[in-house]
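Close look at the chain arrangement
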Amino acid sequence: MERLKDKVAVITGAGSGIGRSAAELMSRQGARVVVADHNTQAAEETAAIIEAAGGRALPVTVDVTDEGSVADMVAATISEFDGLHVLCNHVGGTNPRRDLDLLRMDMDEFDRAVSLNVRSTLLGARHAVPHMISAGGGSIINTASVAALVGDVLQTSYGAVKAAVVSITKSIAVQYGPQNVRCNAIAPGAVMTPAPENNLPEDVVEALRRGNALPYLGSPEDIGHTMVFLASDESRYLTGQLLVVDGGMTMQSSAAPGRRAMLPG
Ligand SMILES: NC(=O)c1ccc[n+]([C@@H]2O[C@H](COP(=O)([O-])OP(=O)(O)OC[C@H]3O[C@@H](n4cnc5c(N)ncnc54)[C@H](O)[C@@H]3O)[C@@H](O)[C@H]2O)c1
């Protein structure tokens, strides 16, 4: 089944982790994929994986914080594939060693976070929307985080910028819904991409796992499959929404793991 047949999808941050997985999964569903990343070699690797599996992929080097670079990415997409129907604004994040609590957070890191998460989301959408309107509609998928929904002891900037991504998602959905352009966001919970897999101590990984209602942490594919759904026409009545894909991390009471011991038997 080709759920994305005839669609052209641009995915930023597709050189690694969740973005690479989304690019592969969208290609398997028939999309022609633009693999956009500032790491040229990583983008080329993802594109090679897709082409080796029989798909069509164009690697593009982009800095999502730079408007000229984003415009070039969209121009390359139109030149190669003659259309643009899906945009995943996936690049984001902050440095947890500099993005600390209110009194110790690095304000330069805050400015970088705004640029990498918020400015990038606005720029991607600004340059993609006119082509989506020309095509009769489209789907923008923004990557937020559960950090937009709950308070935390550190990463003050990260929560703030991801909440802004959720707000932007709703504005775009309202502004371009009449032209059949949908815009939704995903809030991943803990997902085992290369960065956390290589850097988080085992006890922190175990604590994250215990915090989920499900007995495991997320994989890049768990988010990639959700992106395929949002890219496809199966989600045609869904816009302006935040899909929380977190193994039940944010919906359960903090007392629930301890209260399991109170159950009889
Ligand atoms: N992994 C998680 O647990 C998790 C949870 C919630 C949200 N997220 C969000 O998912 C997104 C990416 O996460 P990931 O785990 O796939 O990360 P990742 O580090 O595996 O991939 C990020 C990619 O973005 C690219 N990139 C970085 N800066 C760029 C720039 N300026 N221009 C273009 N490309 C750039 C990198 O080269 C890399 O290939 C972020 O928005 C992050 O906040 C991740």
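Heads up: these notes are all about the structure in this document. As the structure is a prediction and not an experimental result, all values here were calculated from the model.

The number of helices and strands found in the chain is 9 helices and 7 strands. Taking 265 residues into account, the globule formula puts the C-alpha radius of gyration at 18 Å, and the chain, at 19 Å, falls close to it. Projected onto its principal axes, the C-alpha coordinates of the chain cover approximately 60 × 45 × 40 Å. Buried residues in the chain amount to 47% of all 265 residues. Here the contacts in the chain between residues at least 6 apart in sequence split such that 74% fall between residues at least 24 apart. For the chain, the exposed surface amounts to about 13,000 Å²; the carbon and sulfur share of it is 53%.

Okay, the packing of helix H1 (residues 17-28) against helix H8 (residues 220-231) next. Contact geometry for H1 and H8: axes closest at 8 Å, N-to-C directions at 50 degrees. By the criterion of interaxial angle, the relationship of H1 to H8 is oblique. Pair H1 / H8 crosses with right-handed handedness. On H8, the residues touching Gly17, Ile18, Ser21, Ala22, Leu25 and Met26 of H1 are Pro220, Glu221, Ile223, Gly224, His225, Met227, Val228 and Ala231. A per-class count over the contact of H1 with H8 returns 9 nonpolar, 4 polar and 1 charged.

On to the site of the ligand. The full set close to the ligand counts 26 residues, and Ser16, Asp37, His90, Tyr158 and Val191 are the nearest of them. With respect to the ligand, the backbone of Val64 contributes an N or O atom lying 3.1 Å from a nitrogen atom. Measuring from an oxygen atom of the ligand, one finds a side-chain N or O atom of Tyr158 at 2.6 Å. Bound to the protein, the ligand loses 83% of the 840 Å² it would expose on its own.

Attention now moves to the nonpolar core. Across soluble globular proteins, nonpolar side chains have a tendency to be buried as a group. Among the nonpolar cores identified, the biggest contains 29 residues, and Met73, Met132 and Ile140 are the most heavily contacted of them. Among the secondary structure elements, those contributing two or more residues to this core are strand S1 (8-12), strand S2 (32-37), strand S3 (57-61), helix H3 (67-81), helix H4 (107-134), helix H5 (156-176) and strand S6 (181-188). If one sorts the elements of this core by residue count, H4 sits on top with 8 residues. Once you skip the residues sitting within four places of it in the chain, Met132 turns out to touch Leu84, His85, Val86, Leu87, Gly137, Gly138, Ser139, Ile140 and Val181. Ranked by size, the runner-up nonpolar core spans 27 residues in total, among them Ala14, Cys88, Ile223 and Val228.

A contiguous nonpolar surface patch, about 230 Å² in accessible area, is contributed by Leu149, Val150 and Val244. Locating Val244 in the fold gives a position in strand S7 (residues 242-245). When its relative accessible area of 37% is taken as the criterion, Val244 is described as partly exposed.

Definitions and cut-offs
- Sequence order as written defines the numbering, with residues in each chain counted from 1.
- The predicted origin of the model limits local features to residues at a pLDDT of at least 70 and limits the giving and counting of side-chain atom pairs to 80 or more, whereas totals for whole chains, interfaces and linings rest on all residues.
- Here the side-chain values reflect all heavy atoms present in the structure, with hydrogen atoms and water set aside.
- A helix here means a DSSP run of H or I that spans at least four residues, while a strand means a run of E at least two residues long, and both kinds are numbered starting from the N terminus.
- In this description the radius of gyration comes from C-alpha coordinates, and the expected globular size is given by 2.2 Å times residues to the power 0.38.
- We call a residue buried when its accessible area falls under 20% of the maximum for its residue type, exposed when it is over 50%, and partly exposed in between, using a 1.4 Å probe and counting protein chains only.
- By definition in these notes, contact holds between two residues if any of their heavy atoms fall within 4.5 Å.
- Every accessible area reported is derived by Shrake-Rupley at a probe size of 1.4 Å, with residue values counting cover from the shown protein chains alone.
- Lines fitted to the C-alpha atoms define the axes, with helices restricted to the stretch that makes contact. Angles between their N-to-C directions range from 0 to 180 degrees.
- In these notes the angle categories are as follows: under 35 degrees is roughly parallel, over 145 is roughly antiparallel, 65 to 115 is roughly perpendicular, and the rest is oblique.
- Helix crossings fall into two classes, left-handed where the near helix is turned counterclockwise from the far one by less than a right angle and right-handed where it is turned clockwise.
- Residue classes follow a fixed rule: Ala, Val, Leu, Ile, Met, Phe, Trp, Tyr, Cys and Pro count as nonpolar, while Asp, Glu, Lys and Arg count as charged, and any other residue, Gly among them, counts as polar.
- Residues are labelled near a given molecule or strand when at least one of their non-hydrogen atoms is within 4 Å of it.
- Counted as a polar contact is a pair of N or O atoms within 3.5 Å, where, for protein atoms, one must be capable of donating a hydrogen and the other of accepting one, and residues adjacent in sequence contribute only when both atoms are in side chains.
- Buried Ala, Val, Leu, Ile, Met, Phe, Trp, Tyr and Cys residues form a nonpolar core when they are joined through side-chain atoms within 4.5 Å.
- Each patch is built from salt-bridge-free residues with over 30% relative accessible area, joining like charges within 9 Å and nonpolar side chains (Val, Leu, Ile, Met, Phe, Trp, Tyr) within 5 Å.
- Criterion for a salt bridge: a side-chain nitrogen of Lys or Arg within 4 Å of a carboxyl oxygen of Asp or Glu.

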